[in-house]
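So you can see what is in the structure, the chains are spelled out below.
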Amino acid sequence: MSGLAITSLSLSHFRSHKAARLAFDGRPVALVGPNGAGKTNILEAVSLLSPGRGLRRAAAEDLPRRPERLGWKVSAEVLGIAAAHDLETGAEAGEARFVRIDGKAATQAALGRVLRVLWLVPAMDRLWIEAAEGRRRFLDRIALSFTPDHAEVSLAYDKAMRDRNRLLKDQVGDARWYAALEGQMVEAGTAIIANRQAALMRLRVAQEGASAFPRADMALVGPEGGADLPAEDLAEALADGRRRDMAAGRTLLGPHRSDLQAVYATKGVEAGQCSTGEQKALLISLILANARALAADLGRAPVLLLDEVAAHLDIQRRAALYDEICALGAQAIMTGTEAELFDALGDRGQVMAVRDEGGQSKVTA
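Scoring rules and cut-offs
Residues numbered from 1 in each chain as written. Predicted model: local features only at pLDDT ≥ 70, side-chain atom pairs only at ≥ 80, totals over all residues. Heavy atoms only, no water. Core = buried A, V, L, I, M, F, W, Y, C linked by side-chain atoms within 4.5 Å. Buried < 20%, exposed > 50% of the residue type's maximum accessible area, 1.4 Å probe, protein only. Helix = DSSP H or I, 4+ residues; strand = E, 2+ residues; numbered from the N terminus. Domains from an automatic or database assignment. Contact = heavy atoms within 4.5 Å. Buried area = accessible area lost by both parts, 1.4 Å probe. Salt bridge = Lys/Arg side-chain N within 4 Å of Asp/Glu carboxyl O. Polar contact = N/O pair within 3.5 Å; in protein donor to acceptor, adjacent residues only side chain to side chain. Nonpolar A, V, L, I, M, F, W, Y, C, P; charged D, E, K, R; others polar. UniProt positions renumbered as here; feature names shortened; annotations may be inferred. Expected span 1.5 Å × (residues − 1). Patch = residues over 30% accessible without salt bridge, like charges linked within 9 Å, V, L, I, M, F, W, Y side chains within 5 Å. Areas by Shrake-Rupley, 256 points an atom, 1.4 Å probe, with all protein chains shown as cover. Lys, Arg positive; Asp, Glu negative; His and termini not counted. Charge placed at Lys NZ, Arg CZ, Asp CG, Glu CD. Pairing = 2+ DSSP bridges. Axes fitted to C-alpha atoms, helices over the stretch in contact; angles between N-to-C directions.

Residues and numbers for the nonpolar core, please.
In this structure, L115 and L321 are the most contacted members of the largest nonpolar core, which totals 95 residues. The dominant element in this core, judged by the number of residues it contributes, is helix α8 (residues 276-298), at 12 residues. Both domains that meet at this core, namely domain 1 (1-121 + 299-364) and domain 2 (129-273), each give it at least three residues. With 10 residues, the next largest nonpolar core counts M161, I192, L229 and L238 among its residues.

Any details on the domain arrangement of the chain? Residues and values, ideally.
The domain boundaries assigned to the chain delineate domain 1 (1-121 + 299-364) and domain 2 (129-273). Here the C-alpha centre of domain 2 lies 29 Å away from the C-alpha centre of domain 1. On the domain 2 side, the residues contacting the 16 residues of domain 1 number 12 residues. For domain 1, the biggest contributors to the area lost against domain 2 are R116, R317 and E324; these three give 37% of the whole. Connecting domain 1 to domain 2 are one salt bridge. At the junction of domain 1 with domain 2, the criterion picks out seven residue pairs in polar contact (both at pLDDT 80 or more). For the side of domain 1 that touches domain 2, the secondary structure elements donating two or more residues are β8 (117-120) and α9 (315-328). Per element, the largest residue contribution to the side of domain 1 that touches domain 2 is four residues, and it comes from α9. Residue composition of the side of domain 1 that touches domain 2, by class: eight nonpolar, three polar and five charged.

I'd love a proper account of the UniProt feature "binding site: ATP" (unreviewed entry) in the chain, names of residues and values included.
The UniProt record marks G33, P34, N35, G36, A37, G38, K39 and T40 with the feature "binding site: ATP" (unreviewed entry), using the residue numbering of this structure. Turning to its location among the elements, N35 is positioned in the loop between β3 (29-32) and α1 (39-47). What N35 contacts, discounting residues up to four positions off in sequence, is E308 and T337. With respect to the helices, strands and loops of the structure, A37 is situated in the loop between β3 and α1. According to the relative accessible area criterion, A37 is buried, its value standing at 1%. With near-sequence residues (within four places) excluded, A37 lies in contact with S16, V354, R355, D356 and S361.

A description of the pattern of salt bridges should follow, citing residues and the corresponding values.
Taken as a whole and judged by the stated rule, the model has 25 salt bridges. Across the salt bridge formed by R164 and E182, the nearest N and O atoms sit 3.0 Å from each other. Residue R164 is located in helix α4 (residues 150-169), and its partner E182 is located in helix α5 (residues 175-206); the two are separated by 18 residues in the primary sequence. Given a relative accessible area of 0%, R164 falls into the buried group. Within the structure, one salt-bridge network assembled from shared partners comprises R164, E182, R242, R244 and D245.

Talk me through α4; I want residue IDs and the actual numbers.
Helix length check: α4, at 20 residues, gives a terminal C-alpha distance of 28 Å against a target of 28 Å (1.5 Å per residue), a fit within 8%. Residues of α4 that are buried sit in contact with α3 (132-146), α5, α6 (234-240) and α7 (242-248). Backbone geometry just downstream of α4 places Q171 in the positive-phi region, at approximately 60 degrees.

Please provide a residue-by-residue account of the UniProt feature "domain: AAA+ ATPase" (unreviewed entry) in the chain, values included.
When the UniProt feature table is mapped onto this chain numbering, "domain: AAA+ ATPase" (unreviewed entry) sits at residues 25-358. Each end of residues 25-358 is marked by a C-alpha atom, and these two atoms are 29 Å apart; helix forms 39% of the span and strand 19%.

With reference to specific residues and values, describe a negative patch on the surface.
Side chains of E232, D233, E236 and D240 sit close together on the surface and give a patch of like negative charge. Structurally, D233 can be placed in the loop between β9 (216-221) and α6. Classification of D233 by relative accessible area gives partly exposed; the value is 32%.

Requested: an account of the side chain of H17, with residues and values cited.
If you trace the backbone, H17 turns up in strand β2 (residues 17-23). Of note is the side chain of H17, whose polar atom sits 3.0 Å from the backbone oxygen of G38. Excluding its chain neighbours within four sequence positions, the residues that come into contact with H17 are L11, S12, G38, N41, I42, R65, S361 and V363.

Could you give me a rundown of the sheet that holds strand β1 (residues 5-14), with the residues and numbers involved?
Paired through their backbone hydrogen bonds, the strands of a sheet run either parallel or antiparallel. With antiparallel pairing, six strands are arranged side by side in an open sheet as β2-β1-β4-β5-β6-β7. Of all the strands in the sheet, just β2 and β7 (104-105) have a single pairing partner and so form its edges. Bridge analysis of strand β4 (residues 71-79) against strand β5 (residues 84-92) gives nine bridges, and the strand direction is antiparallel. Among the inter-strand pairings, W72 is bridged to a residue of β5, identified as A91. Across the sheet, α1 lies against β1, β2 and β4, angled at about 110 degrees from β1, the strand it touches most.

What follows is the structure, given as structure tokens:
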């Protein structure tokens, strides 16, 4: 099976890259170089070819190369879900981010209908032990990979909730105002809950195959660790909770308060109680399961971005990871400080060197 792929990538005034052009042949790619050379910046550029703010969640004004700050642009030729496309995104100095597909203006959501990109970065290593917000974001990225419209319903829910919170803080008592906004929250929130549950089901099925990485049993739970709020109860919960929410000055129930619970299946241990290595292995397992499920849907594996993933794996696990990526036919773009980390990949992948020269990142094949 061949995967979705970036065939060429061009960066202009993006982060540490003043100008760069990379040519890929569809195989996994190893970007090798010292810390600070600009490897992760390349992954971030690719992540911006999907809906959202990319793997660092950076604002558009934080992406231009300094000190010039002339604006930035990322361009790519891709083998997409149904055809080849030219993708472009960027922002002129002081302007909002733009997206173009085949030279025509497009929405960020449209990128998800052309290309699917998944990522795993070191900042996610603490996912299981930090606040629930990060786990919701992680699950929503997975849901978005299956349902590109998930981003739009999430935005609609957040907007209605912010308006409702404003009423609560202002101590507005008119039930008609609340009913209108809660109707919007219920419509969008029901879709969010359904998309999340569908994503979890897809991951459960995709983890049933043989893998060197552990299976995670996952469930959505409420803010206090109990059962998550069923979609059909959302309208009643919002209406009944107005007085309590007004005292708090914010909405206390809804999909924005859900949490993702994961258990190391064979050990029966919650992810947050596992060792650092086990937590990393669970994350890799979920990313691979996500990729397998998408490959089953699309007939082609998504692009994978794996930042410094090999450094935290022993030799056997590294080899197993590369074997699973190649079996999927996925284009995985990986980073590492040493070329030896990718020895087990052999000639199944491309190796590119990234270095810093006088404050500019340079890439050589």
